[in-house]
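Below are the chains, spelled out letter by letter.
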Amino acid sequence: MLPFEKNSRIVFCGDSVTDVNRDYKAVPAGWGSFGDGYVNLVHALLTAVYPDRELMIMNEGVSGDDIKLMAARWDRDVLDMKPDYVSVMIGINDVWRHFDGPFRQADLVSLDEFEQTYENLMCRTEPRVKGLIVMSPFMMEPNRDDPMRAMVDRYAEVARQVADRHGATYVDVQAAMDHFLEKQSSYILSMDRCHPGIEGHMLVARTWLQAVGFDWERTTFDDEK
């Protein structure tokens, strides 16, 4: 059953996979521009199927963020939005910088630092919201022995452990991607194995909605029961 009460405010935060060309100047901050990715699809489906809930979706993703950059803006972009629910997907840039960062002397985020920062964010946020949703970082790479894919899996496992410790809903996006890749090439979903096209974003949105109990066959509104 969908957990979001009427007039709930749901803030999505993360990196470019969440951002996807959202308008940073939208007013009020974080609303009115859902981007071109899974957040927009989630908003459209929640609005179409649950119009009686009058849910407010806010996209606070920022392209290029790793978990430290996201943490630095957490108060302003997440907590100050007074969310009822917070959905987080972070980690792919934390991994990616281990593979391209040395050539530009990037500040790398270790697995331990990733876990400690994630844990701190959840500890600060849990008492202030009705629910937390943690989405796995993912990579559209079927070979689990690929070095970058193997590292993504380790960071995703940390995200799962953090979610478990805080009673958060865990959305295993990687599992959904792996299921798709049993039948089709990653190039159907992405040109770089990390940034989804519209098909990939639809898969992310569907996985998120399934995890939170979206009723795909809903025909009766709450006030009609």
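Placed above this text is the structure.
Residues numbered from 1 in each chain as written. Predicted model: local features only at pLDDT ≥ 70, side-chain atom pairs only at ≥ 80, totals over all residues. Heavy atoms only, no water.

Trainee: Would you mind going over the nonpolar core in detail, with residue names and values included?
Mentor: Membership of the largest hydrophobic core comes to 36 residues, with the highest contact counts inside it found for Trp74, Val88, Tyr118 and Met122. Per-element accounting of this core gives the leading share, 9 residues, to helix 7 (residues 147-165). If we skip the residues at most four places from it in the chain, Met122 touches Trp74, Val88, Leu132, Val134, Val162 and His166. Counting 33 residues, the second largest nonpolar core, distinct from the first, contains Val39, Val42, Leu189 and Leu203. (Core = buried A, V, L, I, M, F, W, Y, C linked by side-chain atoms within 4.5 Å. Buried < 20%, exposed > 50% of the residue type's maximum accessible area, 1.4 Å probe, protein only. Helix = DSSP H or I, 4+ residues; strand = E, 2+ residues; numbered from the N terminus. Contact = heavy atoms within 4.5 Å.)

Trainee: Can you lay out the pairing of strand 1 (residues 9-14) for me, pointing to particular residues and giving the numbers?
Mentor: By the criterion of burial, strand 1 is predominantly enclosed, with 5 of the 6 residues buried. Relative to strand 2 (residues 56-59), strand 1 runs parallel, the two being bridged by 4 bridges. Following the sheet pairing, Arg9 is matched in strand 2 by Met56. (Pairing = 2+ DSSP bridges.)

Trainee: If you had to explain the packing of aromatic side chains to someone new, which residues and values would you point to?
Mentor: Applying the stated criterion to the full structure yields 8 aromatic pairs. With a centroid separation of 5.9 Å and an interplanar angle of 20°, the aromatic rings of Phe4 and Trp208 are classed as stacked. Here Trp208 lies in helix 9 (residues 198-211) and Phe4 lies in the segment before strand 1, a separation of 204 residues in the sequence. Comparing Phe4 with Trp208, the two get one shared label, buried. Aromatic rings pair up to connect Phe4, Phe12, Tyr38, Tyr85 and Trp208 into one cluster. Of note, Arg22 hangs over the ring of Tyr24, and the distance from its end group to the ring centre comes to 4.1 Å. (Phe/Tyr/Trp six-rings, centres within 6.5 Å; stacked < 30°, edge-to-face > 60°. Lys NZ or Arg CZ within 6 Å of the ring centre and 35° of its normal.)

Trainee: Which residues make up the pattern of salt bridges, and what values do they have?
Mentor: Within this structure, the stated rule accounts for 22 salt bridges. Close ionic contact of Arg76 with Asp77 constitutes a salt bridge, the shortest N to O distance being 2.7 Å. Among the residues examined, Asp77 registers a relative accessible area of 8% and is labelled buried. (Salt bridge = Lys/Arg side-chain N within 4 Å of Asp/Glu carboxyl O.)

Trainee: Provide a residue-level description of the packing of helix 8 (residues 173-181) against helix 9, including the pertinent values.
Mentor: A pair of packed helices can be characterised by two numbers: the angle between their axes and the separation between those axes. Closest axis-to-axis distance for the helix 8/helix 9 pair is 9 Å, and the angle between their directions is 130°. When the interaxial angle is binned, helix 8 and helix 9 end up oblique. In terms of crossing hand, the pair formed by helix 8 and helix 9 is right-handed. For the pair helix 8 and helix 9, contact is made by Val173, Ala176, Met177 and Phe180 and by Gly200, Leu203, Val204 and Thr207, respectively. Considered class by class, the residues forming the contact of helix 8 with helix 9 number 6 nonpolar, 2 polar and no charged. (Axes fitted to C-alpha atoms, helices over the stretch in contact; angles between N-to-C directions. Parallel < 35°, antiparallel > 145°, perpendicular 65-115°, else oblique. Left-handed = near helix turned anticlockwise from the far one by under 90°. Nonpolar A, V, L, I, M, F, W, Y, C, P; charged D, E, K, R; others polar.)

Trainee: So what's going on with helix 7? Residues and values would help.
Mentor: Counted at 1.5 Å a residue, the expected span for helix 7 with its 19 residues is 27 Å, and the 28 Å between its end C-alpha atoms agrees. For helix 7, the elements touching its buried residues are helix 5 (92-100), helix 6 (111-125), strand 4 (131-135), strand 5 (169-171) and helix 8. You can read the cap of helix 7 off the contacts: a side-chain oxygen lies 3.1 Å from the backbone nitrogen of Met148, and it is on Asp146. Two residues or fewer after helix 7 comes Gly167, characterised by a positive phi angle close to 65°. (Expected span 1.5 Å × (residues − 1). Polar contact = N/O pair within 3.5 Å; in protein donor to acceptor, adjacent residues only side chain to side chain.)

Trainee: Could you give an account of the side chain of Ser16, with specific residues and numbers?
Mentor: Considering the arrangement of structural elements, one finds Ser16 in helix 1 (residues 16-19). A residue is classified by how much of its surface remains accessible, and Ser16, at 15% relative accessible area, is buried. For Ser16, the contacting residues outside a window of four places in its chain are Val62, Ser63, Gly64 and His195.

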